[in-house]
Amino acid sequence: QVQLVESGGGLVQAGGSLRLSCAASGRTFSLYAMGWFRQAPGKEREFVAAITGRGGSTYYGDSVKGRFTISRDNAKNTVYLQMNSLKPEDTAVYFCARGYSRWGAPARTDHYDYWGQGTQVTVSS
């Protein structure tokens, strides 16, 4: 069983920055793509960013391109989401997820098999 634990959320003013971390259990972390999604109250879960197993390719949702950066440290079994120029509309619970063995569609939630519990990000105006 894989466990994913997010951290780094909090309250920040618009224009500020936060870095989220997601620590994964297991010894095969580098074999799997990882993704970040977010969900605001009353809205569907939204794709934020994804990264391939060795970090060679990254993908971003349109709403965060140019502001957020996904990265990973396979030696630490951790994936990060650096969020800059935050806006009130970025307020949501942020989830990390592990891509399943045939992962190929970064934005589809059904291409991920394990999910963390989420961390709240609140951006005040």
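Residues numbered from 1 in each chain as written. Predicted model: local features only at pLDDT ≥ 70, side-chain atom pairs only at ≥ 80, totals over all residues. Heavy atoms only, no water.

### Re the overall build of the protein
Within the protein one finds 0 helices and 11 strands. Along the protein, helices and strands appear, N-terminal first, in the series β-β-β-β-β-β-β-β-β-β-β. For a compact globule of 125 residues, the expected C-alpha radius of gyration is about 14 Å, and the protein comes in at 13 Å, within 12% of that figure. C-alpha atoms of the protein, sized along the principal axes, occupy 40 × 25 × 25 Å. Expressed as a percentage of its 125 residues, the buried residues of the protein come to 44%. Excluding contacts between residues fewer than 6 apart, the proportion of contacts in the protein whose partners are at least 24 apart in sequence is 56%. (Helix = DSSP H or I, 4+ residues; strand = E, 2+ residues; numbered from the N terminus. Rg over C-alpha atoms; globule rule 2.2 N^0.38 Å. Buried < 20%, exposed > 50% of the residue type's maximum accessible area, 1.4 Å probe, protein only. Contact = heavy atoms within 4.5 Å.)

### Brief notes about the sheet that holds strand β8 (residues 78–83)
Taken together, 4 strands build an open sheet; the order of strands is β1-β3-β8-β7 and the sheet is antiparallel. Whereas interior strands pair on both sides, the edge strands pair on one side only; in this sheet they are β1 (4–7) and β7 (68–73). The mean angle between the axes of side-by-side strands here comes to 15°, regardless of whether they run parallel or antiparallel. Direction of pairing for β1 relative to strand β3 (residues 18–24): antiparallel, over a ladder of 4 bridges. Its bridge partner being in β3, E6 is matched across the sheet by C22. (Pairing = 2+ DSSP bridges. Axes fitted to C-alpha atoms, helices over the stretch in contact; angles between N-to-C directions.)

### Quick word on the pattern of salt bridges
Counted by the stated rule, this structure contains 6 salt bridges. We note a salt bridge from K65 to D62, for which the minimum N-O separation is 3.2 Å. For the pair formed by K65 and D62, the shared burial category is exposed. The closest approach of N and O atoms between R98 and D113, which form a salt bridge, is 2.9 Å. Of the two residues, R98 sits in strand β9 (residues 92–99) while D113 sits in strand β10 (residues 112–115), which places them 15 residues apart along the sequence. By relative accessible area, R98 is classed as buried at 11%. Linked by salt bridges that have partners in common, R38, E46, R67 and D90 make up one network. (Salt bridge = Lys/Arg side-chain N within 4 Å of Asp/Glu carboxyl O.)

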